[in-house]
Number of protein chains: 4
Amino acid sequence: MSTTAERRHGPRLRADASRNRERIVAAAREAFVEHGADVTLDEIARRAGVGNATIYRHFADRSELIRQVTLEVMNRTIELAESALADEEDAFEALRRFAYGATEERIGALCPILSEDCEALAAQLAEKRARLERALQGIMDRARDSGLLRPDVASGDVMIAIAQLTRPLPGTTRVSLDRFVHRHLQLFLDGLRAPARSALPGAAATFEDLRNDH
Amino acid sequence: MSTTAERRHGPRLRADASRNRERIVAAAREAFVEHGADVTLDEIARRAGVGNATIYRHFADRSELIRQVTLEVMNRTIELAESALADEEDAFEALRRFAYGATEERIGALCPILSEDCEALAAQLAEKRARLERALQGIMDRARDSGLLRPDVASGDVMIAIAQLTRPLPGTTRVSLDRFVHRHLQLFLDGLRAPARSALPGAAATFEDLRNDH
Amino acid sequence: MSTTAERRHGPRLRADASRNRERIVAAAREAFVEHGADVTLDEIARRAGVGNATIYRHFADRSELIRQVTLEVMNRTIELAESALADEEDAFEALRRFAYGATEERIGALCPILSEDCEALAAQLAEKRARLERALQGIMDRARDSGLLRPDVASGDVMIAIAQLTRPLPGTTRVSLDRFVHRHLQLFLDGLRAPARSALPGAAATFEDLRNDH
Amino acid sequence: MSTTAERRHGPRLRADASRNRERIVAAAREAFVEHGADVTLDEIARRAGVGNATIYRHFADRSELIRQVTLEVMNRTIELAESALADEEDAFEALRRFAYGATEERIGALCPILSEDCEALAAQLAEKRARLERALQGIMDRARDSGLLRPDVASGDVMIAIAQLTRPLPGTTRVSLDRFVHRHLQLFLDGLRAPARSALPGAAATFEDLRNDH
DNA sequence: AATGAATGAGGGTTCATTCAT
DNA sequence: AATGAATGAACCCTCATTCAT
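Residues numbered from 1 in each chain as written. Chains lettered and ligands numbered in written order. Predicted model: local features only at pLDDT ≥ 70, side-chain atom pairs only at ≥ 80, totals over all residues. Heavy atoms only, no water.

Q: Sorry, what's going on with the interface of chain C and chain D here?
A: How large an interface is tends to be reported as the accessible area lost when its parts come together. The interface is formed by 51 residues belonging to chain C together with 50 residues belonging to chain D. Summed over both partners, the interface of chain C with chain D buries about 4,600 Å², with 55% contributed by carbon and sulfur atoms. Inspection of the chain C/chain D interface yields six salt bridges. Across the pair D:Arg179 and C:Asp209 runs a salt bridge whose closest N-O atoms are separated by 3.9 Å. Linking chain C with chain D are 29 residue pairs in polar contact (both at pLDDT 80 or more), by the criterion used here. Those elements that provide at least two residues to the side of chain C that touches chain D are helix 9 (155-165) and helix 10 (178-192) of chain C. It is helix 10 of chain C that provides the largest number of residues to the side of chain C that touches chain D, a total of 11 residues. Each residue belonging to the side of chain C that touches chain D can be placed in one class, and the counts come to 25 nonpolar, 11 polar and 15 charged. (Contact = heavy atoms within 4.5 Å. Buried area = accessible area lost by both parts, 1.4 Å probe. Salt bridge = Lys/Arg side-chain N within 4 Å of Asp/Glu carboxyl O. Polar contact = N/O pair within 3.5 Å; in protein donor to acceptor, adjacent residues only side chain to side chain. Helix = DSSP H or I, 4+ residues; strand = E, 2+ residues; numbered from the N terminus. Nonpolar A, V, L, I, M, F, W, Y, C, P; charged D, E, K, R; others polar.)

Q: Help me out: how do you make sense of the packing of helix 5 (residues 62-87) of chain B against helix 6 (residues 91-104) of chain B in this one?
A: Each pair of packed helices can be described by the angle between their axes along with the distance between the axes. Residue and element names in this part refer to chain B. Between helix 5 and helix 6, the least distance of the axes is 9 Å, while the angle of their chain directions is 155°. With respect to helix 6, the element helix 5 is oriented roughly antiparallel. Note that helix 5 runs across helix 6; the crossing there is right-handed. Side by side, helix 5 and helix 6 meet where Thr-77, Leu-80, Ala-81, Ser-83, Ala-84 and Asp-87 of the first sit next to Ala-94, Arg-97, Phe-98, Gly-101 and Ala-102 of the second. Classifying every residue of the contact of helix 5 with helix 6 by side-chain character gives six nonpolar, three polar and two charged. (Axes fitted to C-alpha atoms, helices over the stretch in contact; angles between N-to-C directions. Parallel < 35°, antiparallel > 145°, perpendicular 65-115°, else oblique. Left-handed = near helix turned anticlockwise from the far one by under 90°.)

Q: Is there a simple way to explain the interface of chain B and chain A in this structure?
A: If you look at the interface, chain B gives 50 residues, while chain A gives 50 residues. Together, the buried faces of chain B and chain A total about 4,600 Å²; carbon and sulfur atoms form 55% of this surface. A:Arg183 serves as the salt-bridge partner of B:Asp157, at 2.9 Å between the closest nitrogen and oxygen. For the interface between chain B and chain A, the tally reads 29 residue pairs in polar contact (both at pLDDT 80 or more).

This is how it looks when you write it as structure tokens:
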């Protein structure tokens, strides 16, 4: 019967709803990047071309939306890492491609979101995080094995530095660092090259250190 | 004698306004570091142990408070740069000392504040900014002249990277990057060393690029 | 049918926004009259039976609400003047009818609002003001031509005096002048009659003199 | 002994205090006229050249200060009425002089204060009110007896109208009616002349009607 | 399912009043 | 006695969230 009903009215509503959800997530991602982490839901709804209440049909509350945006970015970043690993001959070039690509993904704008203290997020992210870590470690392992990467750095170090160096300035500022981000990533990458030019203080960071429930 | 009494009993009931002002600025600085740039004035007042309206006796409004905190941090950072330049034999070591010291100053938490769109702030900060730039350039010039620093980086590049790499994660997160900041600064510093290991994309950043009125 | 049902049960749960808007304007008008121009929005919201934030859905801010209330009263006053001019045989009687009617419109309570320093208000009011002036001048011209009105007074004189004489006392006072307003208007009207019983000092007031942007 | 003490330190403090009180009242009167009924106590204190807390040494609270300002204005207005009655030959001219003088006293700005719902005020004002009424009635009686004043008006009518016609517009407006006040008072006075040109509606107003405790 | 409208809770700010010197 | 400083209560306004259509 439900099938009949669907046939009568077409599966349009379902498709529309699913499409709405995607549009909201995409709009939220863009809004976070452009307006900072404090964008209002009304602004996100406006960008998505839906009513504000529609957001609540798809997401329980604001942090749930943020969570989903984070997952979305994680997925894209995973794909980025995996394709960099698969495509590039030069392992260090794969690392550079990953870092530069992360800039385009605005991972710096959305990494903050990682820190939302939300246990459910940690749970959902666990798998994504692990997969991303595996991909990035793959890149780094290969580079290290090729003698291109200094051996005293771990995937967490790189992930954190990339995220921080690509973060936009807070507020609705007219100052943008966009022009310089690649420079600073490149300088950091140069510091990662073997042979190491100094002894690093502290212990290498792993993705585990980014979990907020310990 | 009163000093002795004060030492024994503590500064009794002095309730002087100038002390309150200092306490407010200090509380604001800490609050910005811990809770981000959006802390409420109530939270700041609570930390300072004063009523919220007391803040308005000392500062015209929220942005005026932010301005003063920024100036305070600028002053401390200037002193940091100047003493590093004066004290250290090795010019690159001076740079490292400056970078590490900036971590302690929480410059990453307060640099974001630079972006507050406030013309008066820019005006007041102009002199401080120039002085800080001079000091940092002094360090870098010496290091470059000693053949320790790659020649294709400018003071703005270093300032931005230090600020970004030392920023705390947003939100009231339980994740802190404190343990790793020195590592990542060190990696960046290694990337700064001569000889350059790559050609940098884009143009070198100057302090001028950090002004928000253009 | 629905109309019948509505008549029987009253407008059930219509909760339409346009009705809310009207209720807010009406509540604001009454509140201004009773409590003066400084009533809080909370009081207005309470009278309108809505939450305070609802006011902001309909009006950008406080002055926008004031603007709309003023326009509303202007419209009613224009209609008052035009119908007085059209209906009354005796031109001086038309003037009296206008003055007395203005009392009912509480124009004295709301004219003060005219002084809100708001450029947008002046702009929007310009047309209304001109139209009201035309109507009142029409009344006065006819009365003057009939030899009933002294020739040395202008429309601004009459408008100001009516507004002032019908103003309620400020504060939440228990003293009301309502009982006396018509008396004082009548005395003023008697002073307006031809022949003039004295030479008036100063220059005649026009509506132009009531604009706040010069 | 207290006399001795006073002699030792001089009666200066007493004189200063009394002088301060007068300065505060005068400053408050001016501030009310210039800035409206909502002037802050800080502004009044600034004008008086004293600290804000000093106001509280002389007046229990804001309404107590307002009360005293009202009494001050009442006193000046009484003197105005009594001297007009004593000096002028023509009884109607005395009325005109009183009305115009009231403009200079800014009675319109301070009459509002009459309406402060404060029982203590009514008590203190009772005598002043009575005395002012006697003086104004004296003027009006003489004018009526001379056949110059229409017989159907009472002192309250005149008092109210003068107060209303001389009130400044509220808010920090750039529109001032100062230029026109005398005109409108004159028109009202012309309406007061005998013979009456119309029958007045309602009952004549007495000062009793201005009391707020009934 | 989707949405425009409504709202309570909370933030920045002001000011009459009180406190401490 | 006089005052600079401190403050709670209240105002305007915003926004995440809920309601009614």
